[in-house]
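What follows is the residue order along each chain.
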Amino acid sequence: MARLGMVIDTVRCVGCMDCVVACKTENQTPEGMNRDWITYATRGRYPDLSLTIQSERCNHCDNPPCVHCCPTGASHVHDWGGMVQITREECIGCKACLASCPYDARYIHPDGYADKCTFCLHRVEKGEDPACVAVCPTHCMHFGDLDDPHSEVRKLLDSRRHHTVMPEAGTRPQIFFLE
Amino acid sequence: MSELISTAQSPWVDPHLHVWGWEIPVYLFLGGWTAGIMVLCGWALWKGQRDERPHATFSLASSGLFILAFAAISLGMLALFLDLEHKLFVWRLYVTFEPASPMSWGAWILILVYPVLLMGILLDPPLTLTNRVPQLVPLLKKLADNLTLRRITGLLAIGTGVALGIYTGILLSALGARPLWSSAILGPLFLFSGLSAAAAFAHWASPDQPEREYLAKIDNQFLASELAIVLLFLIGLTTSTEAHLQAAQLFLGGAYTAVFWVGVVGLGIVLPLIIQSLAVTHRVPHTPLAPVLVILGGLALRFVIVSAGQISHWSRL
Ligand code: SF4
Ligand code: SF4
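Caption draft 1: Structural view of the nonpolar core. In this structure, Trp20, Leu172, Trp181, Phe251 and Ile305 of chain B are the most contacted members of the largest nonpolar core, which totals 98 residues. If one sorts the elements of this core by residue count, helix 1 (residues 23-46) of chain B sits on top with 15 residues. What Leu172 of chain B contacts, discounting residues up to four positions off in sequence, is Trp20, Leu28, Trp181, Leu186, Phe190, Ile305 and Val306 of chain B. Of all hydrophobic cores here, the second largest spans 32 residues; its members include Met6, Tyr103, Val124 and Cys140 of chain A.

Shown next, in the form of structure tokens:
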């Protein structure tokens, strides 16, 4: 079984927001709503400061509370690759999934359904990378099968220190940030 | 120092991204109140009590409270419906059962609640019904005289009432992203709050003096239990992880401290408990003040928990 995920190199990321623009263009998200975003975390004591820049989105969690709480089954784990997806025609817009996501990755589309990053399922099914990964000018984003020992993402994780966002929330995120 | 700047969308910046407004707390309150009425009236039916008056009243053994509960839960469901963003798809709730989703459980529990309420009403049918459809009278009389049926209806009402009351709290605890809510104790808290609001209302509305006294006494017990559960809820949060501790801080010095301690606990639980304790020992007369405070306190509890819960977060720095 494939387990699709992302590995993002925070050392290379410059926070240019190309991934944010690419997603907006590719997925035509409505005004004021974005499926991905950038965080800039500054730590330390002046002048010894360190800055970590991360491109973030739905973590396609392995233990996704948004799927567990959905009363209609609209939020579900895709039968291939473990991606978390939403069937629009089944969503009643109850917002339980919005309330359950620790990352605030979801929003209600003006048409009434819950929406979020799909890992660009329509591209991935054709063998392409998600739009954000494809446009990154520093090539800091990698997408692939985490279960495949020969995949680039697996090799990166095996060889570099990495972290996920808020692992203590118990969601088991599948987007990893290299340190 | 640790500082996080995020370009993510946020409901604090863009109001259109808010999750739940007034609809959900109103729904949770009306659901809890209905649950309380079902348990209290169910208990009276289980004991085989019967109101001998020729018309429906608000005594526990009659159908007036069941009729009001019917209206209350319907209003609650209307509030819930108004909150849905994809209203035309609401039927999707009823073509599946998702065992991991409390909301799905709730949708099906609500389906069970209606026939039980209807049965409670038919056991002591209101005059409007019997006058309009007199042909039904012999059958309804037969049903009402059947003690086994009364007891079974009572048992069903208690069972579905408890399930409904607990579900209104568990609905929130299953949403793990909000540390304030991730406590199963919200189930019993909302159940006891529903019971106390229902007992307060029934005490106020009952036509029987002894029953009014009895209801004030058990309302005191419900209020005392509710107070204990509130304290356990806070102890549970403050002895857990940093995120839960921060969530508890919302009530212990944070933004919701005043409304929680003064509104929910002080005016909604402690003050009516004191007034009713004095009233049941005949040191002050019974007035509608205590029941009104209990009912408003129950509503305030839902508003505070739903609103504060949406602020509480796992912290990432
Ligand atoms: S990041 Fe949020 S929306 Fe995405 S799978 Fe995890 S819990 Fe669900
Ligand atoms: S808003 Fe839609 S996807 Fe989210 S929990 Fe409700 S029905 Fe499921």
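Caption draft 2: Inspection of the state of the cysteines at higher detail. Residue and element names in this part refer to chain A. Within the structure shown, the criterion is met by zero disulfides over all chains. Note on Cys69: no disulfide assigned, nearest cysteine sulfur contributed by Cys97 at a separation of 6.0 Å. Residue class for Cys69 comes out buried when judged on its relative accessible area of 3%. This cysteine, Cys136, is not joined by any disulfide, and Cys140 carries the nearest cysteine sulfur, 3.7 Å off.

Caption draft 3: The sheet that holds strand 10 (residues 175-178) of chain A, seen in detail. All names here are of chain A. The strand order across the open sheet formed by four strands is 8-1-10-9, and the pairing between neighbours is mixed. The sheet is open, and its two edges are formed by strand 8 (141-145) and strand 9 (162-163), each paired on a single side. Relative to strand 8, strand 1 (residues 4-9) runs antiparallel, the two being bridged by five bridges. Bridging from a neighbouring strand, Leu4 pairs with Asp145 of strand 8. Its contacts with the sheet place helix 6 (residues 152-159) against strand 1, strand 8, strand 9 and strand 10, and it is angled at close to 110° to strand 8.

Caption draft 4: Summary view of the interface of chain A and chain B. On the chain B side, the residues contacting the 47 residues of chain A number 38 residues. Across the interface of chain A and chain B, roughly 3,600 Å² is buried in total on both sides, 57% from carbon and sulfur atoms. Linking chain A with chain B are three salt bridges, by the criterion used here. Between Lys95 of chain A and Asp83 of chain B there is a salt bridge, with the nearest N and O atoms lying 3.0 Å from each other. When residues of the side of chain A that touches chain B are traced back to their parent elements, those giving at least two are strand 2 (36-45), strand 3 (48-57), helix 2 (65-69), helix 3 (96-100) and strand 6 (107-108) of chain A. The greatest single-element share of the side of chain A that touches chain B, amounting to eight residues, is contributed by strand 2 of chain A. A class-by-class count of the residues in the side of chain A that touches chain B yields 25 nonpolar, twelve polar and ten charged. Direction of pairing for strand 2 of chain A relative to strand 1 (residues 2-6) of chain B: antiparallel, over a ladder of five bridges. In the sheet register, Tyr40 of chain A faces strand 1 of chain B, and the bridge partner there is Ile5 of chain B.

Caption draft 5: Representation of the pattern of salt bridges in the model. What the rule picks out here adds up to 15 salt bridges over all chains. The salt bridge involving Arg160 of chain A is made with Asp9 of chain A; its shortest N-O contact spans 3.0 Å. With Arg160 of chain A in the loop between helix 6 and strand 9 and Asp9 of chain A in strand 1, this pair connects stretches of sequence that are 151 residues apart. Given the relative accessible area of 7%, Asp9 of chain A is considered buried. The salt bridge partner of Arg178 of chain B is Asp104 of chain A, with a shortest N-O separation of 3.1 Å. You can see Arg178 of chain B sitting in the loop between helix 6 (147-173) and helix 7 (186-205) and its partner Asp104 of chain A sitting in the loop between helix 3 and strand 6, one on each of two chains. Relative accessible area serves as the criterion here: at 4%, Arg178 of chain B is assigned to the buried category. On the basis of relative accessibility, which here comes to 24%, the residue Asp104 of chain A falls in the partly exposed class.

Cut-offs and rules
Residues numbered from 1 in each chain as written. Chains lettered and ligands numbered in written order. Predicted model: local features only at pLDDT ≥ 70, side-chain atom pairs only at ≥ 80, totals over all residues. Heavy atoms only, no water. Core = buried A, V, L, I, M, F, W, Y, C linked by side-chain atoms within 4.5 Å. Buried < 20%, exposed > 50% of the residue type's maximum accessible area, 1.4 Å probe, protein only. Helix = DSSP H or I, 4+ residues; strand = E, 2+ residues; numbered from the N terminus. Contact = heavy atoms within 4.5 Å. Disulfide = S-S within 2.5 Å. Pairing = 2+ DSSP bridges. Axes fitted to C-alpha atoms, helices over the stretch in contact; angles between N-to-C directions. Buried area = accessible area lost by both parts, 1.4 Å probe. Salt bridge = Lys/Arg side-chain N within 4 Å of Asp/Glu carboxyl O. Nonpolar A, V, L, I, M, F, W, Y, C, P; charged D, E, K, R; others polar.

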